[in-house]
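Chain by chain, the residues run as shown.
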Amino acid sequence: MKGVLNLYKPRGITSSAAVVSVRKILGVKAIGHMGTLDPAGEGVLLLGVGKATRLFDHFLHKDKVYTAEFCFGYVTDTLDGDGTVTQTTDVIPDRAALTAILPQFIGKQQQIPPQYSAKSVHGVRAYALAREGKTVALPPCNIEIYSLECTEQTGEHTYRMQIHCSSGTYIRSLCRDIAAALGSLATMVSIKRLRCGPFTAENSVTLDRLAQEKENALVPLCEALNDLPVVRLSDELFAPLCNGIKIPCEQKGEFLLYCRGELFGIARAEKRILKIKTYLRD
């Protein structure tokens, strides 16, 4: 069994717990998620099943679209609604002020991750250190915000935002930084991942639906990777390909490699020689 599962992760469970649930439903051990979604978050969580677990790097770097609610007036240690309040303020921006400042956050920039994050510090997760009361200096990460919009006001001090961003963007940190630019404090109180690369929430599968559909819910690799060009080798190159014999290749960039109708994997040319970067054939 292999393929990509576009799972709709419910709020309240970790991405790792979602993986455990899917393993039990499908009866397959080789399953892994391709980009963490916070326990407080819901929406698209991509999982690789079988040899598709080798596609972690391919999907991890896809762009994302989120909708999130930012509540002004306080901040928590985790920067989300599940944390402990650490500061409050009476400075509450109105929607006009919030909207006016958003263009400053569009484009390439550096962002400091939250203390409660999965970033590794000398081999230890930052959130583990934070739970011990230790504050560490996390280096800023390069991210890009493609679009950022306040779509509505959902409460007295709360606004719903829609964010299209690069991989590695922390929406909790974005909330913190927008509030700071307004001389205020804010906490992300809800978040939903609407899209990861070409996979959308509308086309995702809940755990209940997965229990009914099983492997039929998996997206075949040829479909999951249809953003890559396809190269089909002639049948007589099947044996040389299987035996690791060098095959000349002039193709530019990465591509899906097929031979005799079988998907061998993601390949590229290195010094004009065919090289399979990610082997996907059974």
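Predicted model, so just to flag it, every value in this text is computed and none were measured.

Asker: Please clarify how the side chain of His58 should be interpreted in this entry.
Answerer: Here His58 is to be found in helix α2 (residues 56-60). A relative accessible area of 17% places His58 in the buried class. Setting aside chain neighbours within four positions, we find His58 in contact with Leu225, Asp227, Leu228 and Ile266.

Asker: Sorry if this is basic, but what is going on with helix α1 (residues 15-26) here?
Answerer: Taking 1.5 Å as the rise per residue, α1 with 12 residues should run 16 Å; its terminal C-alpha atoms sit 17 Å apart, in good agreement. Ser15, Ala18, Val19, Val22, Ile25 and Leu26 are the residues of α1 that are buried. Take α1 and look down its axis: the buried residues cluster within an arc of 125°, on one side only. Buried residues belonging to α1 abut β1 (3-9), β2 (31-33), β3 (41-49) and α6 (207-213). Of the residues one or two after α1, Gly27 is the one with positive phi, at around 70°.

Asker: Sorry, what's going on with unusual backbone geometry here?
Answerer: Glycine aside, residues mostly have negative phi angles, and peptide bonds mostly take the trans form. Here the phi dihedral of Lys214 falls at roughly 55°; this positive angle occurs in a residue that is not glycine. Here Lys214 is to be found in the loop between α6 and α7 (221-224). Of note, the phi angle at Arg272 is positive, near 65°, even though the residue is not glycine. Structurally, Arg272 can be placed in the loop between β16 (262-270) and β17 (273-279).

Asker: What exactly am I supposed to notice about the pattern of salt bridges here?
Answerer: If the charged atoms of two oppositely charged side chains come close together, the side chains can form a pair. Counting across every chain of the model gives 14 salt bridges. Its salt-bridge partner being Lys2, residue Asp282 comes within 3.4 Å of it at the nearest N-O pair. Of this pair, Asp282 sits in the segment after β17 while Lys2 sits in the segment before β1, placing them 280 residues apart in sequence. The class for Asp282 is exposed, based on a relative accessible area of 69%. For Lys2, a relative accessible area of 29% gives the class partly exposed. A salt bridge links Asp227 to Lys62; its shortest N-O distance comes to 2.6 Å. One end of the pair, Asp227, is in the loop between α7 and β14 (230-233); the other, Lys62, is in the loop between α2 and β4 (64-72), with 165 residues separating them in the sequence. When its relative accessible area of 40% is taken as the criterion, Asp227 is described as partly exposed. Salt bridges linked by common partners bring Glu254, Arg268, Glu270 and Lys277 together as one network.

Asker: Where do I start with the sheet that holds β16 in this structure?
Answerer: In a beta sheet, neighbouring strands are held together by backbone hydrogen bonds and run either parallel or antiparallel to one another. The strand order β14-β15-β16-β17 describes an open sheet built from four strands, whose pairing is mixed. Strand pairing shows two members of the sheet lacking a second neighbour, β14 and β17, which therefore form its edges. When strand polarity is set aside, the average angle formed by the axes of neighbouring strands in this sheet is 45°. Across four bridges, β14 lies against strand β15 (residues 255-259) in parallel orientation. The residue of β15 that forms the bridge with Leu233 is Cys259.

Parameters at a glance
- Residues numbered from 1 in each chain as written.
- Predicted model: local features only at pLDDT ≥ 70, side-chain atom pairs only at ≥ 80, totals over all residues.
- Heavy atoms only, no water.
- Helix = DSSP H or I, 4+ residues; strand = E, 2+ residues; numbered from the N terminus.
- Buried < 20%, exposed > 50% of the residue type's maximum accessible area, 1.4 Å probe, protein only.
- Contact = heavy atoms within 4.5 Å.
- Expected span 1.5 Å × (residues − 1).
- Arc of directions from axis to C-beta.
- Salt bridge = Lys/Arg side-chain N within 4 Å of Asp/Glu carboxyl O.
- Pairing = 2+ DSSP bridges.
- Axes fitted to C-alpha atoms, helices over the stretch in contact; angles between N-to-C directions.

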